[in-house]
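Examining the three-dimensional arrangement
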Amino acid sequence: MRYDKENVPTIQVKTASAKYPVLVGSGILPTLQRRLPKRNRVFVLTSPEIWALWSKRFLSSFPKGELPSVLFLPAGEQYKRMAQVERLAAELASAGADRGSLLIAFGGGIIGDMGGFLAAIYMRGIDYIQMPSTLLAQVDSSVGGKTGANLAVGKNLIGSFHHPLAVFVDIDLLQTLPDRELRAGLFESIKAGVIRDARLFRFMEQNAESILKRDSKALEYLIAASIRMKANVVGIDERESGLRMILNFGHTVGHAIETATHYRKLLHGEAIAWGMLAALHIGCMHGTISSTQADRIERTILAYGPLPTFKVTAAKLFDAASHDKKNRAGIRRFVLPDGIGNASVAENVTDTELIAAIDWMLSKVRES
Ligand SMILES: NC(=O)c1ccc[n+]([C@@H]2O[C@H](COP(=O)([O-])OP(=O)(O)OC[C@H]3O[C@@H](n4cnc5c(N)ncnc54)[C@H](O)[C@@H]3O)[C@@H](O)[C@H]2O)c1
Ligand SMILES: [Zn+2]
């Protein structure tokens, strides 16, 4: 399949099962139609809020008689559910979608995960394109092929690997993103730098002001670097049997915070920021990172703050962290930084160390 990549820098994702381009730049939306593969029917999955902001620009490149059909999913994790996938599949069927139709998932990570999942199972699989509109979705969730929905008992417990045909990252979409959502995505980019790209980390360390002011060159650089990092990791380990686990840096304690606060207090990226601070503390105890390096990372995370606080006991967090999805046969797997720009999975983090890190992190929460 060829894509019109004119004037847009492109990153290739190449895994054991798929190969596709990620276009990153400005002005992709107004030129969308000619960049799409030719299909008789094109469908868009989006949310009413995003469509209200961006539909004019989205539709501007489509000829009048060839407008895509639009499906809506309301915003919020409570709609990331199987019942909605079924409803959307029924809407696709009654609108005449067939195996040759194309779906565009246009929105944040929820739309991306749900659109990908819908595309994975509708008629046993149709093609789709990711068009992420939050920073988190641009730097992280739109690349790598993980799709899915939540169950009442836990997040992302059903799903499938289904790679898109392409990912179109238009950084202009970030103009309407609320500040807090922007910062939440920036924490995932700091993670990307810490685990595998020291240059990206330094860039984020030194340019917080222009990044937070949404300087487009700065955003473009950090988005492309984060995607390149993720593309490289999933290219080596598509199904998370090894290396891909490092993407979970900060996520053991981060997910525990999300679970313990019932996903209501913090955005995902904010919980991960706190989780990275806890993981740094363990890294210092294990000697995988020096305290000077850990301080630099901590200062950089806090430069993109403020991090919202929360009230949870250490025991509750420890309990939630002990049920982490990465653990196997009772062995705790914990991603630790190896200096700045590298990370690995440790299997020897003890209960005492984890409790100490949680206590230390909670003391930071109380101070802030
Ligand atoms: N598949 C993966 O690999 C992967 C990785 C990380 C996270 N995720 C998933 O991603 C989801 C979180 O994604 P998210 O952080 O993008 O949240 P989200 O999809 O809930 O979007 C956040 C909010 O921003 C709004 N929004 C989106 N784009 C906007 C824009 N351009 N302007 C103004 N408002 C806009 C949305 O309507 C929503 O209210 C979670 O469900 C998580 O499980 C998946
Ligand atoms: Zn994350």
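Above this text you will find the structure in question.
Residues numbered from 1 in each chain as written. Chains lettered and ligands numbered in written order. Predicted model: local features only at pLDDT ≥ 70, side-chain atom pairs only at ≥ 80, totals over all residues. Heavy atoms only, no water.

Remarks on the overall build of the protein chain
To be explicit about the condition: Helix and strand assignments come from DSSP, with helices taken as H or I runs of at least 4 residues and strands as E runs of at least 2, each series counted from the N terminus. Computation of the radius of gyration draws on C-alpha atoms, with the globule rule given as 2.2 Å multiplied by the number of residues to the power 0.38. Summary of the burial criterion: residues with accessible area below 20% of their type's maximum are buried, those above 50% are exposed, and those between are partly exposed, where the area comes from a 1.4 Å probe applied to protein chains only. In this description, contact between two residues means that some pair of their heavy atoms is separated by no more than 4.5 Å. For the accessible areas, the method is Shrake-Rupley and the probe is 1.4 Å, while residue cover comes only from the protein chains on display.
For the protein chain, the helix and strand inventory stands at 14 helices and eleven strands. Over its C-alpha atoms the protein chain spans a radius of gyration of 20 Å, differing by no more than 12% from the 21 Å that the globule rule assigns to 368 residues. In terms of principal-axis extent, the alpha carbons of the protein chain reach across some 65 × 40 × 35 Å. Across the 368 residues in the protein chain, those meeting the buried criterion constitute 55%. The long-range fraction of contacts in the protein chain, counting pairs at least 24 apart against all pairs at least 6 apart in sequence, stands at 75%. Put simply, the protein chain shows about 15,600 Å² of open surface, and 51% of that area lies on carbon and sulfur atoms.

Thoughts on the coordination of the zinc ion (ligand 2)
Going by this rule: The donor definition counts N, O and S atoms within 2.8 Å of each metal and applies 3.2 Å to Na, K and Ca; water is not among these atoms, so some sites may look incomplete.
Bound to the zinc ion (ligand 2) on the protein side are Glu188 (OE), His251 (NE2) and His268 (NE2), at distances that span 2.0 to 2.1 Å. Summarised as a motif, the one-chain spacing of the donors to the zinc ion (ligand 2) is E-x62-H-x16-H. Residue His251 is located in helix α10 (residues 251–260), and its partner His268 is located in helix α11 (residues 268–286); the two are separated by 17 residues in the primary sequence. His251 gets classed as buried once you look at its relative accessible area, which sits at 5%.

Some points on a nonpolar patch on the surface
This is how the line gets drawn: Like charges are joined within 9 Å and nonpolar side chains (Val, Leu, Ile, Met, Phe, Trp, Tyr) within 5 Å, but only among residues with over 30% relative accessible area and no salt bridge; these make up the patches. When a carboxyl oxygen of Asp or Glu is within 4 Å of a side-chain nitrogen of Lys or Arg, the pair counts as a salt bridge.
Among the surface-exposed residues, Leu151, Val153 and Leu157 lie close enough to one another that they form a single nonpolar patch of about 280 Å² accessible area. Following the sequence through the fold, Leu157 ends up in strand β8 (residues 154–161). Overall, Leu157 belongs to the partly exposed group, its relative accessible area being 43%.

As for the nonpolar core
Note the cut-off: In plain words, nonpolar cores are sets of buried Ala, Val, Leu, Ile, Met, Phe, Trp, Tyr and Cys residues tied together by side-chain atoms within 4.5 Å.
Ranked by size, the top nonpolar core spans 80 residues in total, and within it Ile223, Phe310 and Leu317 carry the most contacts. If you tally residues by element for this core, the top one is helix α9 (residues 216–236), at eleven residues. With sequence-adjacent residues up to four places away left out, Ile223 is seen in contact with Val24, Leu135, Gln138, Val139, Val169, Ile171 and Leu174. Within the second largest apolar cluster, 22 residues are counted, among which are Val8, Ile28, Val42 and Met131.

Focus: the environment of Val85
Position of Val85 relative to the elements: it lies in helix α3 (residues 82–94). Spatially, the C-alpha atom of Val85 lies 37 Å from that of Leu200, the residues being 115 residues apart in sequence. Once residues within four sequence positions are removed from consideration, Val85 is found in contact with Met114, Phe117, Leu118 and Ile121.

Things to note about empty space enclosed by the protein
Going by this rule: Only protein atoms enter the 1 Å grid used here. Points where a 1.4 Å probe fits but cannot escape make up a cavity, open sets with protein on both sides within 12 Å along at least five of seven lines make up a pocket, and a residue lines them when an atom lies within 4 Å of a point. Grid points are joined across faces, edges and corners, and a volume is the space filled by probe spheres set on the points. Amino acids are sorted into nonpolar (Ala, Val, Leu, Ile, Met, Phe, Trp, Tyr, Cys and Pro), charged (Asp, Glu, Lys and Arg) and polar (every other residue, Gly among them).
Tallied over the entire structure, the rule returns three cavities of 30 Å³ or more. Volume-wise, the largest cavity comes out at about 60 Å³. What lines the largest cavity is simply Val139, Asp140, Glu188, Lys191, Ala192, Ser226, Met229, Lys230 and Leu247. Of all the secondary structure elements, the ones that give two or more residues to the lining of the largest cavity are α5 (135–141), α6 (179–196) and α9. Each residue belonging to the lining of the largest cavity can be placed in one class, and the counts come to four nonpolar, one polar and four charged.

Quick look at the site of ligand 1
Put simply, the rule is: It suffices for a single heavy atom of a residue to lie within 4 Å of a molecule or strand for the residue to be listed as near it. For this analysis, a polar contact is any N or O atom pair within 3.5 Å, provided that within protein one partner can donate a hydrogen and the other can accept it, and provided that sequence-adjacent residues contribute only side-chain to side-chain pairs.
With respect to spatial proximity, 25 residues lie near ligand 1, and among them Glu77, Gly109, Ser133, Thr134 and Thr176 are the closest. Here Thr134 contributes a side-chain N or O atom positioned 2.6 Å from an oxygen atom of ligand 1. At 2.9 Å, a backbone N or O of Leu173 approaches a nitrogen atom of ligand 1. Burial of ligand 1 by the surrounding chains reaches 84%, relative to a free accessible area of 870 Å². Tallied by class, residues from the shell around ligand 1 come to nine nonpolar, eight polar and eight charged.

Concerning the pairing of β8
Counted only if it meets this: Here a strand pair is declared whenever DSSP counts at least two bridges between the two strands.
Alignment of strand β7 (residues 146–151) against β8, held across five bridges, turns out to be antiparallel. Note that in β8 the partner of Thr147 across the bridge is Ser160. The antiparallel pairing of β7 with β8 creates a hairpin that spans two residues between the two strands.

Details of the packing of α6 against helix α7 (residues 198–206)
Condition: An axis is simply a line fitted to the C-alpha atoms; with a helix, the fit covers only the stretch in contact. Between two such axes, the angle follows the N-to-C directions and lies from 0 to 180 degrees. Should an angle fall under 35 degrees it is taken as roughly parallel, and over 145 as roughly antiparallel, whereas 65 to 115 is taken as roughly perpendicular and any remaining angle as oblique. Note: crossing handedness is left-handed where the near helix turns anticlockwise from the far helix by less than a right angle, and right-handed where it turns clockwise.
Where α6 meets α7, the closest approach of the two axes is 6 Å, and the angle between their N-to-C directions is 135°. Looking at the two axes, α6 sits oblique to α7. Crossing hand, α6 versus α7: left-handed. Of the residues in α7, those in contact with Leu186, Ser189, Ile190, Ala192, Gly193, Val194 and Arg196 of α6 are Ala198, Leu200, Phe201 and Met204. Across the contact of α6 with α7, the residue classes tally to eight nonpolar, two polar and one charged.

Describing α7
Three or four residues apart is the spacing at which side chains of an α-helix point the same way, because the helix has 3.6 residues per turn. Applicable threshold: Taking the helix axis as origin, the arc is that swept by the directions to the C-beta atoms.
Leu200, Phe201, Phe203 and Met204 are the residues of α7 that are buried. Axial view of α7: buried residues confined to an arc of 160°, hence all on one face. Opposite the packed face of α7, turned more than 90 degrees from it, sit the exposed residues Arg199 and Gln206. Against α6, α8 (208–212), α9 and α12 (291–303) lie the buried residues of α7.

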